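In case you want the letters, here they are:
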Amino acid sequence: MKVQSADFINRSAKAIGDEQLQRALGNVRKGFIGKRAKAAAALPEFEAIRDEAVGIKNHVLNHLDVYLERFEANVKAAGGHVHWARDDAEARAIILELCRKENARTVTKGKSMLTEEIELNAHLEAHGIETVETDLGEYIIQLRGESPSHIIAPAVHLNRDQVEADFRRVHSHLAEERALETPESLLGEAREVLRRRYFDADVGITGANFLVAETGSSVIVTNEGNGDLTQTLPRVHIALASIEKIVPTMEDLSTILRLLARSATGQEMSVYTTISTGPRRADDQDGPEEYHIVLLDNGRSALLGTEFQEVLRCIRCGACMNHCPVFHAVGGHAYGAVYPGPIGAVITPALAGIEKAGHLPNASTFCGRCESVCPMRIPLPKLMRRWRDKEYEKGLQPATMRRGISLWAFAAQHPRVYRFGTKYAAALLSRLGGARRRIARLPFASGWTGARDLPAPEGQTFMQAYAAAKKADRS
Ligand code: SF4
C-alpha cells in the first residue's frame, strides 16, 4: 500500500489554498450531513440497530477463524474457489494468475477500495492487462490518473467542468460539438462508452461489502448497477475481500444493510444490493462460469485481540469523513493514503505502521463527530489517541515536541509547579497581547500563530480567579 502521509502538512496547506477544491468540499459539508441525519431520524430503531450491528461484528471478530472456514466451505459447496492472500503482493499475484489463465486482455472493475489498497490496476497494466473502472466516479479519476479522494464518492473533489474537459480529451472518437453541459449528458456519455467495455471484458473484478458465512456469498452494494454488470457479463468473476468483511448469516446481513446506506448517503437502501453465490448454475440466465474469492489479510489479523480490534467493525460507509471538520478543510488526497478521514487516521497506521502515518492521528480536533455518527460505534478519537501514545512511546515526534510534552506531564503531576508555571505564563502572555488582546507571533506556537492570532489570556489563571472568588465570598 502506497502511503504518502508523511507529507500531510504540505498537502493540507496546498489543499486549503485550492479554491476549486474548497468549493467541491462544500458539497460534502452540505450534502451528506443533512441526508444522514434525516434518514437516521426517520427510523426510530436506528440506535437499536447500531447496537445490534456492533454485537454482530464483535461476535464475528472474536470467532473470525470459525466464520472464515465456514465461509470457505460454503463457497466451495456452491462451486466457487477461495484463495487466501497474506498481503498485497500475494493478492496481486493470485489475481494476475487468474487473469492470465483466462488470457485476459481487458478486465472490468467494480468499485473496490481494497484493489486501491493493493494497487491492483498498476500491477495488471504492467503485465499488459487493461483495467477499466466502471463506477462513474472511479472511471473519471482513472481518466485523470488520480486516486479516490473519498471512499464512497471517489471524485467528490472535482467539478462538472473538469469532468467535461476530461471526457472531451479522452473520448476523442465522439463528435467535438456534442453537448456536455449537464450532469445527465456526462452520465449518458460515460454509460455509452462503458457499455462496450463490459462486453469486451474477459474478467470482472469487484470488491465485496460483505461476505456471508452461512451461504458462502459475496455482497456488493452500488447505486449504478455497474457492479452487477462487472460480475455477471465476463466469463470469470473475481471478488477481492478483506477477512473482516464476514457476517454470520443473511439475517445479520440485513441488519447491517439497514445502517449502511442511511449512514453513507442518507438512502434507505442503495439502489442495487447484489448477492453472489458461486458461478452460474445450469438454469441461471446469466452469471460467470468461474467464481473466485480472494480473501486478503494484509495486517488485519494482527489487530485481533489488540486495542485496535474495534476498527475492524468498519463497514466503509464514509460517514466519519462526511462529518469530519479536518476532512472538510483538506479533502481526501491530503491524507496521502487509501483511506482518508477519521477511519483512515486509525487504519492507515495499523496497516502501514505509525512510522509512516504519524501525522494522521494528529490531524483531528477530537470533536467526536466521527464517533457519534459511526454506525458501528467505532471509538475513533480514542483509537487516534492510542496511536498518538504509540508515536510518543516510539519516540517518533520531533525532539522539541517530546520535550514539551514531558515538561507538561511533569507539571501536570506536580500541582505546585503547574500553578506557578501557569500563573507566570498567563501574566506574560496577557502582557504580550497588548491592547488588542491578541498575539500575532509566538515562538514554540508557530503552528498556531502562522495562520491566526492567539487570543491572549485575561491575566489570571482559573485557579487564581477561583481563589479570589472564594476569598471574596468569605469576606
Ligand atoms: S469508521 Fe464508521 S463511520 Fe467511518 S467509514 Fe467505518 S463504519 Fe463508516
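Residues numbered from 1 in each chain as written. Predicted model: local features only at pLDDT ≥ 70, side-chain atom pairs only at ≥ 80, totals over all residues. Heavy atoms only, no water.

### Some details on the sheet that holds strand β6 (residues 217–222)
Inference 1: Judged by pairing direction, the sheet is mixed, and its four strands sit side by side in the order β8-β5-β6-β9 without closing on themselves. For this open sheet the edge positions go to β8 (246–247) and β9 (272–276), each flanked by a neighbour on one side alone.
Inference 2: Relative to β6, strand β5 (residues 210–212) runs antiparallel, the two sharing three bridges. Each bridged residue has a counterpart across the sheet, and for Val-212 the counterpart in β6 is Ser-217.
Inference 3: Here helix α12 (residues 250–264) sits on the sheet in contact with β5, β6, β8 and β9, set at roughly 165° to β5. (Pairing = 2+ DSSP bridges. Helix = DSSP H or I, 4+ residues; strand = E, 2+ residues; numbered from the N terminus. Contact = heavy atoms within 4.5 Å. Axes fitted to C-alpha atoms, helices over the stretch in contact; angles between N-to-C directions.)

### Some words on the pairing of strand β2 (residues 106–109)
Inference 1: Burial of β2 is two-sided: the residues Thr-106 and Thr-108 facing one way and the residues Val-107 and Lys-109 facing the other way are all buried.
Inference 2: Summarising the sheet, β2 and strand β3 (residues 130–133) pair through four bridges and their orientation is parallel. Bridging from a neighbouring strand, Lys-109 pairs with Glu-133 of β3.
Inference 3: Sheet topology places β2 next to strand β4 (residues 203–206); three bridges connect them, and they run parallel. (Buried < 20%, exposed > 50% of the residue type's maximum accessible area, 1.4 Å probe, protein only.)

### Side note on the packing of helix α20 (residues 399–413) against helix α21 (residues 415–433)
Inference 1: In contact at an axis separation of 5 Å, α20 and α21 are set at 115° when each is read in the N-to-C sense. Facing Trp-408, Phe-410, Ala-411, Ala-412 and Gln-413 of α20, the residues of α21 in contact are Pro-415, Val-417 and Tyr-418.
Inference 2: Along the lines of polarity and charge, the residues of the contact of α20 with α21 split into seven nonpolar, one polar and no charged. (Nonpolar A, V, L, I, M, F, W, Y, C, P; charged D, E, K, R; others polar.)

### Section: the pattern of salt bridges
Pairing is possible between side chains that carry opposite charge, provided their charged atoms lie close to one another.
Inference 1: Applying the stated criterion across every chain, the model contains 32 salt bridges.
Inference 2: Taking the shortest distance from any N to any O, the salt bridge between Arg-160 and Asp-161 comes out at 2.7 Å.
Inference 3: Between Arg-281 and Asp-284 there is a salt bridge whose closest N-O contact spans 3.6 Å.
Inference 4: Relative accessible area serves as the criterion here: at 43%, Arg-281 is assigned to the partly exposed category.
Inference 5: Within the structure, one salt-bridge network assembled from shared partners comprises Glu-47, Arg-50, Asp-51 and Arg-377. (Salt bridge = Lys/Arg side-chain N within 4 Å of Asp/Glu carboxyl O.)

### As for the nonpolar core
Inference 1: Ranked by internal contacts, the top residues of the largest apolar core, which has 88 residues, are Ile-95, Cys-99, Phe-210 and Ile-238.
Inference 2: Contacts of Ile-238, omitting those with residues within four sequence positions, involve Ile-95, Leu-98, Cys-99, Val-203, Gly-204, Ile-205, Thr-206, His-292 and Val-294.
Inference 3: With 17 residues, the next largest nonpolar core counts Tyr-67, Phe-71, Leu-211 and Ala-241 among its residues. (Core = buried A, V, L, I, M, F, W, Y, C linked by side-chain atoms within 4.5 Å.)

### Let's talk about the site of the ligand
Inference 1: The environment of the ligand is made up of Cys-314, Ile-315, Arg-316, Cys-317, Gly-318, Ala-319, Cys-320, Ile-343, Cys-374, Pro-375, Ile-378 and Leu-380.
Inference 2: Looking at side-chain class alone, the shell around the ligand contains ten nonpolar, one polar and one charged residues. (Near = heavy atom within 4 Å.)

### Re the environment of Val-107
Inference 1: Within the secondary structure layout, Val-107 lies in strand β2.
Inference 2: Residue Val-107 is classed as buried on the basis of its relative accessible area of 0%.
Inference 3: Sequence-wise, Val-107 and Asp-202 are 95 residues apart; in three dimensions their C-alpha atoms are separated by 6.0 Å.
Inference 4: In this structure, Val-107 is in contact with Cys-99, Ile-129, Glu-130, Thr-131, Val-132, Ala-201, Val-203 and Ile-205, ignoring residues within four places of it in sequence.

### Some details on the packing of aromatic side chains
Inference 1: Under the definition given, this model contains seven aromatic pairs.
Inference 2: For the pair Tyr-139 and Phe-167, a centre-to-centre distance of 6.1 Å together with 65° between the ring planes defines the contact as edge-to-face. One end of the pair, Tyr-139, is in helix α8 (residues 136–144); the other, Phe-167, is in helix α9 (residues 160–170), and 28 residues separate them in sequence. With respect to burial, Tyr-139 and Phe-167 carry one shared label: buried.
Inference 3: Judged by centre distance (5.8 Å) and plane angle (20°), the rings of Phe-462 and Tyr-466 are stacked. On the criterion of helical spacing, the pair formed by Phe-462 and Tyr-466 is a turn pair, its members being four residues apart in helix α23 (residues 462–474).
Inference 4: Judged by relative accessible area, Phe-462 falls into the exposed class, the value being 60%.
Inference 5: One aromatic cluster is present, formed by Phe-8, Phe-327 and Tyr-335 through successive ring pairs. (Phe/Tyr/Trp six-rings, centres within 6.5 Å; stacked < 30°, edge-to-face > 60°.)

### Comments concerning the side chain of Arg-300
Inference 1: With respect to the helices and strands, the residue Arg-300 is situated in the loop between β10 (290–296) and α13 (319–322).
Inference 2: A distance of 2.8 Å separates the side chain of Arg-300 from the side chain of Glu-117, its partner in a polar contact.
Inference 3: Polar side-chain contacts of Arg-300 include one of 3.2 Å to the side chain of Glu-244.
Inference 4: Once you skip the residues sitting within four places of it in the chain, Arg-300 turns out to touch Leu-114, Glu-117, Ser-242, Ile-243, Glu-244, Leu-312, Arg-316, Tyr-339 and Leu-351. (Polar contact = N/O pair within 3.5 Å; in protein donor to acceptor, adjacent residues only side chain to side chain.)

Such coordinate-based values are descriptive only and should not be taken to indicate function.
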